[in-house]
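Topology and contacts: notes
For reference, the chains in residue letters:
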Amino acid sequence: MKNTKYFLASIVSLVSVVVLRSAGIGDYYSLDNIAMPKGLDSQVGGLDFMPNGRLVACFHRGEVYTYHPKNNEWKLFADGLHEPLGICAISDREVVVMQRPELTKIADLNGDGEADHYQAVFDDFGMTGNYHEFAFGPAKDSRGDFYIGMNLASNGASIRPELRGEFRHYGLSRENFKSKSYKSSSGRMYAATPYRGWVLKISKEGEMTPFAPGFRSPNGLGFDLKDQLFVTDNQGDWLGTSKLFHVQNGRFYGHPASLTWADDWQSGQNPLKVSVKELDAKRTRAAVLFPQGLMANSPTQPITDSTKGKFGPFSGQLLVGEMNRSRIVRVILDKVAGEIQGACVPFYDKAGLSKGSHRFVFGDDGSLWIGQTHLSWVGGQGLQRIRWNGKIPFEIHSMKLLPNGFKITFTKSLKKATSVAEQFQFKRYYYEYRQAYGSPQYGIEKVKVIGSKRLNDGKTVMVYLDKVNPGFVYQLDIKKLIAEDNSALVNPLVCYTLNRMPNGDDKAPHLVRN
Amino acid sequence: MVRCETESTTAEARLSFGASGKLSILNKFLLNRYYTAVVLLILTFTFAPVQAEPLRLTIKARSGLQYDIFRFETKPNAFVEINLVNEDDMAHNLVITKPGQRLKVANAALRLGVEGDAKNWVPDLDSVLFFTPVLKPGSSHLLKFKAPEASGVYPYVCTFPGHGLLMYGAMYVGMPLPDLAKDMNLPELARRGNLTQKQLHAWGDKRPLMYRIFMPNASPAAVAVALRHGQNYCWDAAQCRLRYVWYGAFVDPWPVWRGNGNGLAKVLGTKYWEAGSAGAVQIGDKDSIANFLGYKKIDGQPEFHYRVNNVDVYELITPLHSVIGIQRSFRIPNNKQLVSLPVGSVSQVIFKHSAGKLKEGMLILNAAEAAEFTVSIGLKQ
């Protein structure tokens with residue numbers, strides 16, 4: 001009899017746990033899988049909408065298709081492209097595509113629905129034939145200029161006998177790239193031809209500006225609503241963990257291989273021989289770090305929620321794809337002492353989402369279209385669409401740094417009984433800036449909540465911490481938080497990248513080992 | 001026992017790529033036909049005194065200069081009915097010759113010249129046993145004949161100009177079929193299973209077809225193009241020049257596409273010309289660099305546009321019709337200077353040019369000649 005009681009009690013508690021946990025993003029958003037043309041390798045390289053409402057997508061084997069959401073009709077627009085990884089619709093008849101060798105404007109001039117003109121807009125960058133020299137973008141600013149990302153080559157392969165562009169590598173001669181031991185001097189990722197590791201600006205008139213060096217694998221360029229450029233980069237050599245950079249002209253973003261192509265770089269100087277301290281002083285830190293294994297391992301395109309509320313309560317914020325799991329990350333930006341930094345929080349987990357979410361575009365109706373890829377790594381393929389169902393999820397909406405803590409705003413009022421000191425669990429750590437591949441988390445420590453205050457709106461909490469210093473990721477795990485309407489917090493994890501204090505202090509010597 | 005063979009490896013490859021229903025139907029159809037043939041044979045033996053049922057086959061002419069059935073078996077003196085269906089976008093016929101006479105007949109057809117069309121491109125030779133007329137795209141013809149008495153391997157071939165080197169198969173009369181991979185009576189691609197027949201796109205076989213893709217013996221900005229009549233070429237968008245030419249099947253892009261792009265597409269056919277160090281068109285200053293500007297598609301074929309010394313150059317490459325080969329049509333409309341086109345080694349091919357003078361591997365043209373001229377590269381047979 002007693003046992004039965006316990007049994008029942010445990011069932012009841014189990015059920016309540018289940019109820020609590022079942023608050024998934026799928027309760028607030030619905031997901032559709034889009035049927036793809038039969039026989040197509042549907043790894044998506046780029047997505048956009050034409051003004052006439054047709055979706056336009058480019059694919060791994062070089063095809064560009066349009067898709068009409070009204071009648072679900074796919075139509076071939078162009079083909080024969082070399083690994084296109086980005087597309088931007090210019091009109092109902094024109095798109096600009098970033099393919100491996102070239103930024104190409106593709107136009108259907110005779111109006112039969114299929115492209116007939118392929119114009120090389122920009123191809124004045126180098127290629128060694130190394131597989132890792134992907135070309136990303138284009139992202140378009142409000143003026144109509146394009147920004148593209150030039151991947152570094154990987155020492156998983158060498159360079160080919162014929163190159164395009166000048167060869168320059170101050171650690172290794174072209175001849176020595178043929179030797180088996182080239183890996184010891186090439187660098188894990190290398191930039192042996194022009195503008196590898198750079199973000200380039202191509203004006204709509206076709207003029208190129210070398211915009212910013214320091215990238216490794218910038219597979220994602222996007223603008224926010226203030227015309228600010230954001231670029232993701234992938235964990236690896238010189239990147240302790242994956243990152244989101246706010247990219248500005250002339251700044252250096254940390255991976256040194258690209259520096260040999262800077263105008264002011266001293267000829268013959270091997271960037272791998274420059275001290276890490278010197279490079280650290282030169283670099284601009286990432287606005288947001290995505291903790292490896294926790295938030296994202298291979299971030300993709302950042303897209304701004306430009307739907308003015310049609311996609312839910314995160315208007316103006318960035319969403320970022322992730323290759324390795326069924327996730328879309330949300331980024332909350334915070335301008336502190338003139339520089340952008342901020343936090344990341346899981347936005348969409350599982351609930352039908354494939355892995356490998358690579359490219360995004362918002363439809364006029366506020367739905368988010370998602371194209372997946374894998375390119376033989378972890379990922380997926382195909383096209384999905386997410387729509388908001390109008391119900392507000394209980395989420396962390398924004399997070400702002402205070403001199404002594406954070407101001408955190410939720411999408412809904414918190415239950416009165418919330419105990420911030422118990423339920424808001426902070427820890428902090430950092431990733432080293434170093435040549436080695438990735439970095440463990442260093443300096444992991446709990447950070448005590450020493451006080452809190454709830455603002456009158458019921459949604460905002462000021463959390464005061466015992467240690468607030470630059471050069472750390474502040475990770476917050478929120479336990480069992482319930483909104484006033486009894487809904488559970490959908491995503492209780494947020495990671496804030498603290499580069500700079502409100503007083504401008506950004507000293508973080510611990511990021512470089514002595 | 002009657003057996004006909006199709007590209008089963010092909011069908012499998014397609015299935016693994018997510019085949020359409022059409023293909024499964026094709027498979028079923030082939031199986032059914034196989035059983036039908038077996039049943040018919042049983043009937044034949046049961047009613048031996050009655051005239052034997054003929055062996056009925058449908059052979060399709062497909063794009064890429066191929067018959068879908070590339071060999072079959074029959075008994076001596078058996079009645080055979082071949083329904084030739086032309087599914088390609090070019091004209092084809094089917095000529096059955098005496099053993100070992102395929103090339104002789106195909107070459108004799110080439111020499112028919114202006115008379116060819118009227119004669120269905122079938123030469124008057126004893127080596128020709130049976131033949132269909134030339135079929136337009138989308139048409140078919142039923143060819144009925146009695147198999148020869150003498151056992152042997154009887155080739156069948158398309159004698160339409162330029163096709164005979166690639167488009168053929170073998171009728172085995174009173175002889176067992178050898179191992180497919182070792183059957184030297186078949187085109188090379190049939191022997192090794194035709195890689196181009198993998199379903200790589202949402203469309204089926206298509207020519208012209210163009211890929212920008214990593215290619216051997218070219219810069220990383222290479223272009224591969226499949227033209228009609230089984231012609232193919234590699235053009236280099238970094239150097240603005242034709243790199244090499246081959247006939248037969250196009251490329252296997254799989255080494256590039258199967259993963260992240262680490263690999264080179266494989267040339268499937270037979271290369272017959274390579275530029276070597278012969279560079280791009282030169283205009284005026286010999287050290288001028290060519291800048292690639294893109295291409296326009298004309299009837300599915302790219303006309304490349306590039307600029308040399310600030311002069312616009314347009315180059316369209318099309319297949320030749322009466323022989324295996326390609327034609328390069330150049331337009332250099334707004335130019336006042338001497339033009340020289342390095343043509344590379346042309347002693348092993350049939351090289352023709354519409355204007356200019358050939359001098360030490362260079363075609364030299366004055367500005368007026370260069371406004372519009374062609375050069376062609378044909379296979380010597």
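Residues numbered from 1 in each chain as written. Chains lettered and ligands numbered in written order. Predicted model: local features only at pLDDT ≥ 70, side-chain atom pairs only at ≥ 80, totals over all residues. Heavy atoms only, no water.

What follows deals with the overall build of chain A. Summing up its helical and strand segments, chain A has four helices and 34 strands in all. Over its C-alpha atoms chain A spans a radius of gyration of 24 Å, differing by no more than 12% from the 24 Å that the globule rule assigns to 514 residues. Across its three principal directions, the C-alpha atoms of chain A cover 80 × 60 × 50 Å. In chain A, buried positions account for 61% of the 514 residues. Pairs at least 24 residues apart make up 61% of the contacts formed inside chain A by residues separated by at least 6 positions. (Helix = DSSP H or I, 4+ residues; strand = E, 2+ residues; numbered from the N terminus. Rg over C-alpha atoms; globule rule 2.2 N^0.38 Å. Buried < 20%, exposed > 50% of the residue type's maximum accessible area, 1.4 Å probe, protein only. Contact = heavy atoms within 4.5 Å.)

So, about the interface of chain B and chain A. Each side of the interface is counted separately: chain B has 38 residues, and chain A has 36 residues. When chain B packs against chain A, the two sides together hide about 3000 Å² of surface, and 50% of this comes from carbon and sulfur. Counting across the interface, chain B meets chain A through four salt bridges. D79(A) serves as the salt-bridge partner of K297(B), at 3.1 Å between the closest nitrogen and oxygen. For the interface between chain B and chain A, the tally reads 14 residue pairs in polar contact (both at pLDDT 80 or more). Looking at the side of chain B that touches chain A, the elements with two or more residues in it are β11 (209–212), α5 (254–257) and β19 (290–298) of chain B. Residues belonging to the side of chain B that touches chain A are distributed by class as follows: 19 nonpolar, 12 polar and seven charged. (Buried area = accessible area lost by both parts, 1.4 Å probe. Salt bridge = Lys/Arg side-chain N within 4 Å of Asp/Glu carboxyl O. Polar contact = N/O pair within 3.5 Å; in protein donor to acceptor, adjacent residues only side chain to side chain. Nonpolar A, V, L, I, M, F, W, Y, C, P; charged D, E, K, R; others polar.)

So, on to empty space enclosed by the protein. If a probe the size of a water molecule is rolled over the atoms, the empty space left behind becomes visible. All names here are of chain A. If you walk through the whole model with that rule in mind, you get eight cavities of 30 Å³ or more. Roughly 170 Å³ of internal volume is contained in the second largest cavity. If you trace the second largest cavity, you find 20 residues lining it, with R283, R285, L289, Y431 and L511 closest to the centre. The set of elements that each furnish at least two residues to the lining of the second largest cavity consists of β29 (424–431), β33 (472–478) and β34 (493–498). For the lining of the second largest cavity, the element with the highest residue contribution is β29, accounting for three residues. (1 Å grid on protein atoms, 1.4 Å probe; cavity = no way out; pocket = protein on both sides within 12 Å on 5 of 7 lines; lining within 4 Å. Points joined across faces, edges and corners; volume = space filled by probe spheres on them.)

What follows deals with the domain arrangement of chain B. Quite often, the size of an interface is put as the accessible area lost when its parts meet. All names here are of chain B. For chain B, the assigned domains are domain 1 (4–197) and domain 2 (209–379). Roughly 1300 Å² of surface becomes buried between domain 1 and domain 2 when both sides are summed, with 70% attributable to carbon and sulfur atoms. Summed over the shared surface of domain 1 and domain 2, the result is zero salt bridges. Seen at the junction of domain 1 and domain 2, the total is one residue pair in polar contact (both at pLDDT 80 or more). (Domains from an automatic or database assignment.)

Looking now at the sheet that holds strand β8 (residues 140–146) of chain B. Residues and elements named next belong to chain B. The sheet built from four strands is open, its strands ordered β3-β2-β5-β8 with mixed pairing. Because the sheet does not close on itself, it has two edges, and the strands there are β3 (66–67) and β8. Pairing of strand β2 (residues 55–62) with strand β5 (residues 79–86) involves seven bridges; the strand directions are parallel. Bridge pairing in β5 places L57 opposite I82. (Pairing = 2+ DSSP bridges.)

What follows deals with the sheet that holds strand β18 (residues 282–283) of chain B. All names here are of chain B. Strand order in this open sheet of four strands is β18-β23-β26-β25, and the pairing throughout is antiparallel. Taken across any chain shown, the strands that pair with only one partner, and hence form the sheet edges, are β18 and β25 (357–359). Relative to strand β26 (residues 362–365), β25 runs antiparallel, the two being bridged by three bridges. Bridge assignment links K359 to a residue of β26, and that residue is M362.

Any two side chains of opposite charge can pair, so long as their charged atoms come close to each other. Enumeration over the complete set of coordinates arrives at 41 salt bridges over all chains. The residue K271(B) makes a salt bridge to E274(B) at a minimum N-O spacing of 3.3 Å. Each of R143(A), D145(A), K201(A) and E205(A) takes part in a single network of salt bridges with overlapping partners.

Let us look at helix α3 (residues 102–110) of chain B. All names here are of chain B. Residues of α3 that are buried: R102, V105, A106, A108 and A109. The arc that holds the buried residues of α3, viewed along the axis, is 160 degrees, so those residues lie on one side. Contacts from the buried residues of α3 go to β6 (95–97), β7 (128–131), β9 (152–157) and β10 (168–173). (Arc of directions from axis to C-beta.)

It is worth spelling out the packing of aromatic side chains at this point. For the structure on display, the rule yields 50 aromatic pairs over all chains. For the ring pair W235(B) and F304(B), a centre distance of 3.9 Å and an interplane angle of 5 degrees mean the geometry is stacked. One end of the pair, W235(B), is in strand β13 (residues 231–236); the other, F304(B), is in strand β20 (residues 301–308), with 69 residues separating them in the sequence. Judged by relative accessible area, which is 0%, W235(B) ranks as buried. In this structure F304(B) comes out as buried when scored by relative accessible area, which is 0%. Through successive ring pairs, a cluster of aromatic residues spans Y118(A), Y233(B), W235(B), F292(B), Y295(B), F304(B) and Y306(B). One cation-aromatic arrangement involves R428(A) over F472(A); the distance from NZ or CZ to the ring centre is 3.9 Å. Over the face of the ring belonging to Y244(B) we find K271(B), whose NZ or CZ atom lies 3.9 Å from the ring centre. (Phe/Tyr/Trp six-rings, centres within 6.5 Å; stacked < 30°, edge-to-face > 60°. Lys NZ or Arg CZ within 6 Å of the ring centre and 35° of its normal.)

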